[in-house]
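The lines below spell out each chain.
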Amino acid sequence: MWRNNYSRIKFVLILYLKKIYLLYYCLEFKKFGRNNTFWFPVKILGKENISIGDNCALNAYIHIWGSGGVEIGNNVMIAAHVIITSVTHDYNSPSIRHSKLIHKKVIIKDNVWIGTGSIILPGITIGEGAVIGAGSVVTHDVPSKSIVVGNPARIIKTM
């Protein structure tokens, strides 16, 4: 399998460097549980306001704007290209670009699966065991044990 020792050493070194980076990376969060998996690159701002439970998987190319607060429960799967934002602009301001930011906490409870390309807007609570279909835009709270899809996301099934 290994053509030479150099390939094996390089492979092992990369694995250890990823673990060291993740160890350092997790120190910046408000709370960071055990056995979490990150597939880099990810973009997470406001880590000091973000809590992540145990056994979570965050895939590549996710963006989380957490300055308004984000709580991610245990056993949560977040697919690639997901956007979670806890901040927005005041659209009533004369200059939206320079308006005061509005912070609203996002809560994702245990055993949630968020599909590829979904967008979670500020102030949303996603109930335990919910599934967010790929490409959904979540504009309202999602009840526990429900499946939502679409833009805006609508309940298609309750389990």
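Notes on the structure in this doc start here. (Residues numbered from 1 in each chain as written. Predicted model: local features only at pLDDT ≥ 70, side-chain atom pairs only at ≥ 80, totals over all residues. Heavy atoms only, no water.)

### Quick look at the sheet that holds strand β19 (residues 154–158)
For clarity, the cut-off: A pair of strands is treated as paired once DSSP finds two or more bridges between them. The helix count covers DSSP runs of H or I at least four residues long, the strand count covers runs of E at least two residues long, and both are numbered beginning at the N terminus.
Across the sheet, which stays open at both edges, the seven strands sit in the order β2-β5-β8-β13-β16-β18-β19 with mixed pairing between neighbours. The outermost strands of the open sheet, each flanked by one partner alone, are β2 (37–38) and β19.

### Side note on unusual backbone geometry
Of note, the bond from Phe40 into Pro41 is cis; its omega dihedral lies within 30 degrees of zero at 10°. Within the fold, Pro41 resides in the loop between β2 and β3 (43–45). Of note, the amide linkage connecting Asn151 to Pro152 takes the cis form, showing an omega dihedral of 0°. Inspection of the secondary structure assignment puts Pro152 in the loop between β18 (146–149) and β19. In this structure, Asn55 is a non-glycine residue whose phi angle is positive, near 60°. In this structure, Asn55 sits in the loop between β4 (50–52) and β5 (57–58).

### Digging into the environment of Pro143
The condition that has to hold: Any two residues whose heavy atoms approach within 4.5 Å at even a single point are treated as in contact.
The topology assignment puts Pro143 in the loop between β17 (137–138) and β18. Considered as a pair, Pro143 and His81 are 62 residues apart in the sequence and their alpha carbons are 23 Å apart. Contact partners of Pro143, with chain neighbours within four places excluded, come to Gly127, Ala130 and Ile155.

### Some details on the sheet that holds strand β1 (residues 31–32)
In spatial order, the strands read β1-β4-β7-β12-β15; together these five strands make up an open sheet with parallel pairing. What marks the edges here is a single partner per strand, and that holds for β1 and β15 (125–126). As judged from the two bridges shared by β1 and β4, these two strands associate in the parallel manner. Within β4, the residue paired with Phe32 across the bridge is Ile52.

### Section: the pattern of salt bridges
Rules: Throughout this description, the term salt bridge denotes a Lys or Arg side-chain nitrogen within 4 Å of a carboxyl oxygen of Asp or Glu. With a 1.4 Å probe rolled over the protein chains alone, any residue whose accessible area is under 20% of its type maximum counts as buried; one over 50% counts as exposed, and the rest are partly exposed.
This structure, assessed with the given rule, holds two salt bridges. Residue Glu28 is joined to Lys47 by a salt bridge in which the shortest nitrogen-to-oxygen separation is 3.0 Å. Placement of the pair is Glu28 in the loop between α1 (5–26) and β1 and Lys47 in the loop between β3 and β4, with a sequence separation of 19 residues. Residue classification places Glu28 among the partly exposed residues on the basis of a relative accessible area of 32%. Residue Lys47 is classed as buried on the basis of its relative accessible area, which comes to 13%. Here Glu71 makes a salt bridge to Lys105, at a shortest N to O gap of 2.5 Å.

### Considering the nonpolar core
Here is the rule: Among buried residues, the Ala, Val, Leu, Ile, Met, Phe, Trp, Tyr and Cys ones that are joined through side-chain atoms within 4.5 Å form a nonpolar core.
Judged by nonpolar contacts, the single largest core of 30 residues is most densely connected at Ile64, Ile72, Ile78, Ile84, Ile108, Ile114 and Ile126. When residues of this core are traced back to their parent elements, those giving at least two are β4, β7 (70–72) and β12 (106–108). Sequence-distant contacts of Ile108, defined by excluding residues within four places in its chain, comprise Glu71, Ile72, Gly73, Val76, Ile84, Ile114 and Ile126.

### Concerning the pairing of β18
Two elements, strand β16 (residues 131–132) and β18, share two bridges in a ladder whose sense is parallel. Within β18, the position partnered with Val131 by the bridge is Ile147. In this sheet, β19 lies alongside β18 in antiparallel orientation, the contact comprising four bridges. Residue pairing in the sheet places Ile147 in a bridge with Lys157 of β19. Here β18 folds back onto β19 in antiparallel fashion, the turn holding four residues, of which Gly150 has a positive phi close to 100°.

On their own, these measurements won't tell you what the molecule is for.
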